[in-house]
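Results of the structural survey
So the chains spell out like this:
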Amino acid sequence: MGRKAVIAGNWKMNCTWASSVRLAQRISDCCDKKYPDIDIILCPPFTYIKGVANVFSFDRSDIQLGAQNVYEEMPEGIAAATGQVSVEMLKDLECSYCIVGHSECRQHNGESDELVARKVKLLLEHGIIPIICCGESLEVNKAGGTVEFVSGQIRTALEGLSATDVAKSIIAYEPIWAIGTGEVPIPEKIDAICAAIRGLVREMFGSEVAEAVRILYGGSLKPANAHQILPLENVDGGLIGGASLDAEDFHDIVKSAKELMKR
Ligand code: PGA
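Residues numbered from 1 in each chain as written. Predicted model: local features only at pLDDT ≥ 70, side-chain atom pairs only at ≥ 80, totals over all residues. Heavy atoms only, no water.

Attention shifts here to the sheet that holds strand β1 (residues 5-10). Each strand in a sheet pairs with another by means of backbone hydrogen bonds, the pair being arranged parallel or else antiparallel. An order of β1-β2-β3-β4-β5-β6-β7-β8 is seen for the eight strands of this closed barrel, with the pairing classed as parallel. In this sheet, neighbouring strand axes are inclined to one another by 25 degrees on average, regardless of whether the strands run parallel or antiparallel. Direction of pairing for β1 relative to strand β2 (residues 38-43): parallel, over a ladder of six bridges. Residue pairing across strands places A8 opposite I41, the latter belonging to β2. Sheet strands in contact with helix α5 (residues 113-125) are β4 (95-100) and β5 (129-134), and its direction is about 170 degrees off that of β4. Packing of helix α9 (residues 187-205) onto the sheet brings it into contact with β5, β6 (170-173) and β7 (214-218), and relative to β6 it is tilted by some 145 degrees. (Pairing = 2+ DSSP bridges. Helix = DSSP H or I, 4+ residues; strand = E, 2+ residues; numbered from the N terminus. Axes fitted to C-alpha atoms, helices over the stretch in contact; angles between N-to-C directions. Contact = heavy atoms within 4.5 Å.)

If you want it as structure tokens, here you go:
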């Protein structure tokens, strides 16, 4: 298949400056420069990105940094966007990746599929790889509408992009009802949804792009279930919330990726 595995930590609104630096140091100690076959990405809160970047640049690390969101425009001249963080600022902070369309941002900030699409485009224009999240509510899941719902989100996010840009993007399937709950879909379901997303990419951009795009699973991914989820054919890694706040748990997931993902 040839797709490089991805293990990304989404720290959400956790840590202090000191604890984020400590966590980065611990992750550096156990994970850095040992897993060249895995893209290990950390996404701290905006305010701690610099502190975490200092830990890794000091080490000339191969762990990469991401943000958790970005403002959808890059205004020329005076930037009248109080409280926002621009794509240029993320570049300044050495971010190579940015999560977009996380269900918490869709819910708390009212981010629509169209707004998410603007963020994706802007990031790609500026050389930052988007980690595009999608995922259904429990209601949609129970009604059997997952594939249709998730396909709608991804179709809008990718429409109008070039094949090259889509091939380097990352998609994360995160059922809302699995995030932070300890509930996880059965592995067959995860694989089927990720296969459907890959099928949509194939329909929109062709086979080569579909084989290149990386699709992650997220939602209560832990050391205890990583061995069931990571080897799935259509899963190229994980987006990890809670378990990424513990260096050992995070490392256990990275180890599972190395042992189990035959790419
Ligand atoms: P979780 O979060 O691993 O704590 O469920 C995943 C996410 O929201 O990205």
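Turning our eyes to something else, we now look at the site of the ligand. Surrounding the ligand, one finds 13 residues, the nearest of these being K12, H102, E174, G180 and S220. Between an oxygen atom of the ligand and a side-chain N or O atom of H102, the distance comes to 2.7 Å. G242 is positioned such that a nitrogen or oxygen atom in its backbone is 2.8 Å from an oxygen atom of the ligand. Across the shell around the ligand, the residue classes break down as four nonpolar, seven polar and two charged. (Near = heavy atom within 4 Å. Polar contact = N/O pair within 3.5 Å; in protein donor to acceptor, adjacent residues only side chain to side chain. Nonpolar A, V, L, I, M, F, W, Y, C, P; charged D, E, K, R; others polar.)

The element β1 is largely enclosed, with a buried count of six among its six residues. Here β1 shows no split at all, with A5, I7 and G9 on one side and V6, A8 and N10 on the other all buried. In this fold, the crossover linking β1 to β2 by way of helix α1 (residues 17-31) has right-handed handedness. Across four bridges, the pairing between β1 and strand β8 (residues 237-240) is parallel. Counted as the bridge partner of V6 is G237 from β8. (Buried < 20%, exposed > 50% of the residue type's maximum accessible area, 1.4 Å probe, protein only. Right-handed = clockwise from strand over helix to strand, strands pointing away.)

Before going further, it helps to examine the pairing of β2. Most of β2 is tucked away: six of the six residues are buried. Residue alternation in β2 divides its side chains into two sets, I38, I40 and L42 and D39, I41 and C43, and both sets are buried. Relative to strand β3 (residues 64-67), β2 is paired through two bridges, and the arrangement is parallel. Within β3, the position partnered with L42 by the bridge is L65.

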